[in-house]
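Each chain, letter by letter, is given below.
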Amino acid sequence: MNSRRDDRLAWWRDPSPHVTHTAWVRFFAQPAIRCKSRVPSLVSIVLLLFGLTHAMAQDVSSISSIEGTWMLAFADVLHPDGTRDPDYGTKPKGVMHIDGAGRYAIFIFDGSRPLFGSADKKTGTDAEIRAAFLGTSSHYGTVSVDAVAHTLDFHIEGSTYPNWEGTTQRRRFEMSGDTLSYRVPPRPNGDVPLTGWKRVSSTTEKP
């Protein structure tokens, strides 16, 4: 992000990309707010309208660039020594849905998870339950994108890992054609999960 945009976000006291539009509105509204007259000047009104228009266009453009249905391309892990291995088995599978309002749902599974010996998962063994839980990464909520900083913010409402619920997970991403990939923050052991998605459809496509 450039320094001018950083200043606006710092002034708002919230560095999250999802409040960029709010920072823009307040930045452009400052002349009107500080005006001693009860009637804002024409210039202030024009600046405020410009800020609102810019913010709305920026939000629509950001979300539209990632909305649609994505199939998992890879789910790997990069070790501190530079080596890279599969993180969810050799045949991972998953899907990510993002709509025009920024609501999303992500499901990632280890394709080699063993079947439970019982038809009732509540009677599964400790090993079966552990494999099922560790072989899954799923969450949903809302997502915001900062195309300049190349970051995605997942505002998580529900997750198979309950510690993530109510938190915001930031991901550094890259986009190349219909391929979206991002890095997850390092784990305690230094491993960095790498996730890639291939777009299969877009909600903005015309029939």
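Notes on the structure follow. (Residues numbered from 1 in each chain as written. Predicted model: local features only at pLDDT ≥ 70, side-chain atom pairs only at ≥ 80, totals over all residues. Heavy atoms only, no water.)

### Looking at the pattern of salt bridges
Here is step 1 of the chain: With the rule as written, the count across this model stands at five salt bridges.
Here is step 2 of the chain: Residue Arg187 pairs with Asp87 through a salt bridge whose shortest N-O separation is 2.7 Å. Of this pair, Arg187 sits in the loop between strand E8 (179–183) and strand E9 (192–201) while Asp87 sits in the loop between strand E2 (84–86) and strand E3 (93–98); the two residues are 100 residues apart in sequence, bridging distant segments of the chain.
Here is step 3 of the chain: Overall, Arg187 belongs to the partly exposed group, its relative accessible area being 32%.
Here is step 4 of the chain: Judged by relative accessible area, Asp87 falls into the partly exposed class, the value being 21%.
Here is step 5 of the chain: Between Arg170 and Asp153 there is a salt bridge, with its nearest N and O atoms 2.7 Å apart. Here Arg170 is found in strand E7 (residues 168–176), whereas its partner Asp153 is found in strand E6 (residues 151–159), with 17 residues between them in sequence. (Salt bridge = Lys/Arg side-chain N within 4 Å of Asp/Glu carboxyl O. Helix = DSSP H or I, 4+ residues; strand = E, 2+ residues; numbered from the N terminus. Buried < 20%, exposed > 50% of the residue type's maximum accessible area, 1.4 Å probe, protein only.)

### Regarding the nonpolar core
Taken as a class, soluble globular proteins show a tendency for nonpolar side chains to be buried jointly.
Here is step 1 of the chain: Membership of the largest hydrophobic core comes to 20 residues, with the highest contact counts inside it found for Ile106, Leu152, Phe154, Tyr182 and Trp197.
Here is step 2 of the chain: If you list the elements that add at least two residues to this core, you get strand E1 (68–78), E3, strand E4 (103–109), strand E5 (136–146), E6 and E8.
Here is step 3 of the chain: Among all residues touching Phe154, those that are not within four sequence positions of it are Tyr104, Ile106, His139, Thr142, Val143, Thr167, Thr168, Gln169, Arg171 and Tyr182. (Core = buried A, V, L, I, M, F, W, Y, C linked by side-chain atoms within 4.5 Å. Contact = heavy atoms within 4.5 Å.)

### A look at the environment of Tyr161
Here is step 1 of the chain: In this structure, Tyr161 sits in the loop between E6 and E7.
Here is step 2 of the chain: Sequence separation of Tyr161 and Phe133 is 28 residues, and the distance between their C-alpha atoms is 8.8 Å.

### Focus on the environment of Gly124
Here is step 1 of the chain: Checked against the element boundaries, Gly124 lands in the loop between E4 and helix H4 (126–134).
Here is step 2 of the chain: Judged by relative accessible area, which is 15%, Gly124 ranks as buried.
Here is step 3 of the chain: What Gly124 contacts, discounting residues up to four positions off in sequence, is Phe116 and Ile129.

### Considering the packing of aromatic side chains
Here is step 1 of the chain: What the rule picks out here adds up to three aromatic pairs.
Here is step 2 of the chain: On the basis of an interplanar angle of 80 degrees and a centroid distance of 6.0 Å, the ring pair of Tyr161 and Trp164 is categorised as edge-to-face.
Here is step 3 of the chain: An aromatic cluster of three or more residues is present, and its members are Tyr104, Phe154 and Tyr182.
Here is step 4 of the chain: Geometry around Phe74 places Arg84 over its ring, the cationic atom sitting 5.0 Å from the centre. (Phe/Tyr/Trp six-rings, centres within 6.5 Å; stacked < 30°, edge-to-face > 60°. Lys NZ or Arg CZ within 6 Å of the ring centre and 35° of its normal.)

### A few points about unusual backbone geometry
Most of the time, phi is negative for any residue but glycine, and the peptide bond is trans.
Here is step 1 of the chain: Notably, His150 is not glycine yet its phi reads approximately 60 degrees, a positive angle.
Here is step 2 of the chain: Tracing the backbone shows His150 in the loop between E5 and E6.
Here is step 3 of the chain: Taking the relative accessible area as the measure of exposure, His150 reaches 35% and is therefore partly exposed.

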